[in-house]
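# Chains, contacts and geometry: an overview
Listed here are the chains, written in short residue letters.
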Amino acid sequence: MGFRIEVDMDLCQGHGTCEGEAPDLFEVGKDRKVVLLDACPAEAHRSAAEMAVRYCPTHAISLVETD
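Chains are numbered independently. Their residues run from 1 in the order of the written sequence. Since the coordinates come from a predicted model, pLDDT governs what is reported: local features require at least 70, and pairs of side-chain atoms require 80 or more to be given and counted, while whole-chain, interface and lining totals use all residues. Side-chain numbers come from the whole structure's heavy atoms, not from hydrogens or water.

A separate point is the overall build of the protein. Counting from the N terminus, the helices are DSSP H or I runs at least four residues long and the strands are E runs at least two residues long. The helix and strand tally for the protein stands at two helices and four strands. Reading the secondary structure of the protein in the N-to-C direction produces β-α-β-β-α-β. Based on C-alpha atoms, the radius of gyration is set beside the globule rule, defined as 2.2 Å times the residue count to the power 0.38. The C-alpha radius of gyration computed for the protein amounts to 11 Å, which stays within 12% of the reference 11 Å derived for 67 residues, consistent with globular compactness. Here the C-alpha coordinates of the protein stretch approximately 35 × 20 × 15 Å along the principal axes. Under the scheme applied here, a residue whose accessible area is under 20% of the maximum for its type counts as buried, over 50% as exposed, and between as partly exposed, the area being computed with a 1.4 Å probe on protein chains only. Across the 67 residues that make up the protein, the buried fraction comes to 30%. By definition in these notes, contact holds between two residues if any of their heavy atoms fall within 4.5 Å. Restricting to contacts in the protein with at least 6 residues of sequence separation, those with at least 24 account for 61%. All accessible areas in this document rest on Shrake-Rupley with a 1.4 Å probe, and a residue is counted as covered only by the protein chains that are shown. As displayed, the protein has an accessible area near 4,200 Å², and 49% of this comes from carbon and sulfur atoms. The charged-residue count follows a simple rule in which Lys and Arg add positive charge and Asp and Glu add negative charge, with His and chain termini not counted at all. A single reference atom marks each charge: NZ on Lys, CZ on Arg, CG on Asp, CD on Glu. Positive and negative charge centroids in the protein, built from 6 and 13 side chains respectively, lie 5 Å apart.

Set out below in structure tokens:
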């Protein structure tokens, strides 16, 4: 069982909280939108991904469980 990260680019405002919580998974580009560095990261990154979801001020990030 794994997970996938999804970002709603219409909601993203480039606050950079996700990058602060999970710099291996997210980067804020020059256009102030998030760049998803790894949409299907290893399980070891789950905790950081969950923190990015929790603290995103616009709720633009979600995790989807995969088989």
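Picking up where we left off.
A separate point is the pattern of salt bridges. Note on definitions: salt bridges are taken to be side-chain nitrogens of Lys or Arg within 4 Å of carboxyl oxygens of Asp or Glu. Scanning all chains against the criterion turns up three salt bridges. Among the ionic pairs, arginine 4 bridges to glutamate 6, the shortest N-O distance being 2.6 Å. According to the relative accessible area criterion, glutamate 6 is partly exposed, its value standing at 34%. Note that arginine 46 and glutamate 65 form a salt bridge whose closest N and O atoms lie 2.9 Å from each other. Pair noted here: arginine 46 is in helix α2 (residues 46-55) and glutamate 65 is in strand β4 (residues 61-66), with a separation of 19 residues, a long-range link.

Attention now goes to the environment of glutamate 27. Here glutamate 27 lies in strand β2 (residues 26-28). Distance in space between the C-alpha atoms of glutamate 27 and threonine 17 is 9.7 Å, their sequence separation being ten residues. The residues contacting glutamate 27, other than those within four sequence positions of it, are Glu19, Lys33, Val34, Val35 and Leu37.

The subject of this paragraph is α2. The complete set of buried residues in α2 reads Arg46, Ala49 and Ala52. The arc that holds the buried residues of α2, viewed along the axis, is 120°, so those residues lie on one side. Tucked into the core, α2 has its buried residues touching β1 (2-7), α1 (17-21), β2 and β4. Note: the arc covers the axis-to-C-beta directions of the helix.

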